[in-house]
Amino acid sequence: MFYEPARNNHGLPHNPLKAIIAPRPIGWISTLSAEGVANLAPYSFFNMVSESPDIVMFSSAGLKDTVRNVMATGEFVCNLATRELMAAVNLTSKAIPPGESEFDLAELERAPCRLVKPPRVAASPCALECVWIDTVDVADRHGKTHGRHVTFGEIVGVHIDERFIEDGLVRTERLQALARDGYFDYSWVDTVSSLPRPR
């Protein structure tokens, strides 16, 4: 089949793009509001986009609490979503009033960060402390914006649970990092193969 995304003429019950571009890492983003309320939300448009400098990004459909908090305070934390935490990750996607915290909703313990003020998820084996760089309202090829806000941050601190370090390497398959696929589907990394680059 062939279809044009702008025309949405695929004839399927759901948009297939997110099932094709999969799996997508989940940025489980914690922030603090200007009033000090801890927010936690998962974003499936998330990735590391640069090293040296170490830059991550996440994209939000609409100017949600997470983005507003980052722009107000200049800080956020990327907590590693894992298979073990899948139910909590999903629950924290629920829309709740700005004065309430998803940490409380999902009954997640908070842990302090060292270089930024937002808390991290204590149960998450890895967390990236980030300082905000920019938020861009992405435009299409015609220059029209659609309320899709991409936030960039520099990683300034990294937490790793040492149980997942073996022979000097972080064992991705033991972390079982959670990812989003299409529709309501999730997957996780539990198998890793090594293949040296050609020289």
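Residues numbered from 1 in each chain as written. Predicted model: local features only at pLDDT ≥ 70, side-chain atom pairs only at ≥ 80, totals over all residues. Heavy atoms only, no water.

Chemist: When you look at the environment of C78 in this model, what are you seeing that I'm missing?
Modeler: Relative to the helices and strands, C78 is located in strand β6 (residues 75-80). Expressed as a C-alpha distance, the spacing of C78 and K117, which sit 39 residues apart in the sequence, is 13 Å. Contact partners of C78, with chain neighbours within four places excluded, come to W28, I29, F46, V56, C126, A127, L128 and C130. (Helix = DSSP H or I, 4+ residues; strand = E, 2+ residues; numbered from the N terminus. Contact = heavy atoms within 4.5 Å.)

Chemist: Before we go on, may I ask you to explain the sheet that holds strand β14 (residues 186-188) in this structure?
Modeler: Hydrogen bonds along the backbone pair up the strands of a sheet, which may run parallel or antiparallel. Across the sheet, which stays open at both edges, the 3 strands sit in the order β1-β13-β14 with antiparallel pairing between neighbours. Lying at the two open borders of the sheet, with one neighbouring strand each, are β1 (24-25) and β14. Pairing analysis gives 2 bridges linking β1 to strand β13 (residues 178-180), with the strands arranged antiparallel. When the bridges of β13 are listed, P25 appears paired with A179. (Pairing = 2+ DSSP bridges.)

Chemist: What's the story with a nonpolar patch on the surface in this structure? I'm lost.
Modeler: Together, V158, I160, I165 and V170 give the surface a local cluster of nonpolar side chains, amounting to about 300 Å² of exposed area. Relative to the helices and strands, V170 resides in strand β12 (residues 169-170). (Patch = residues over 30% accessible without salt bridge, like charges linked within 9 Å, V, L, I, M, F, W, Y side chains within 5 Å. Areas by Shrake-Rupley, 256 points an atom, 1.4 Å probe, with all protein chains shown as cover. Salt bridge = Lys/Arg side-chain N within 4 Å of Asp/Glu carboxyl O.)

Chemist: Would you explain the side chain of S33 in this entry?
Modeler: Take S33: it is sitting in the loop between β2 (27-32) and β3 (38-43). Ignoring anything within four residues of it in the chain, the contact list for S33 reads N69 and T73.

Chemist: Help me understand the nonpolar core, please; the structure alone is not making it clear to me.
Modeler: A general feature of soluble globular proteins is that nonpolar side chains tend to end up buried together. Within the largest apolar cluster, 14 residues are counted, with the highest numbers of intra-cluster contacts made by W28, L40, V89, F103, L108 and V121. Where this core is concerned, the elements lending two or more residues are β2, β3 and α3 (86-91). Setting aside residues no more than four positions away along its own chain, L108 makes contact with W28, L40, A88, T92, F103 and V121. In this structure, A41, F58, F76 and C130 belong to the second largest nonpolar core, which totals 12 residues. (Core = buried A, V, L, I, M, F, W, Y, C linked by side-chain atoms within 4.5 Å. Buried < 20%, exposed > 50% of the residue type's maximum accessible area, 1.4 Å probe, protein only.)

Chemist: How should the pattern of salt bridges be read in this particular structure?
Modeler: It is possible for side chains of opposite charge to pair when their charged atoms get near one another. Inspection of the entire model under this criterion finds 6 salt bridges. Measuring nitrogen to oxygen at the nearest pair gives 2.5 Å for the salt bridge that ties D65 to R68. Linking D65 with R68, this pair stays in helix α2 (residues 65-73), spanning 3 residues, or about one helical turn. We classify R68 as partly exposed; its relative accessible area is 41%. Here R110 ties to D104 by a salt bridge, and the two come within 3.1 Å at their closest N and O atoms.

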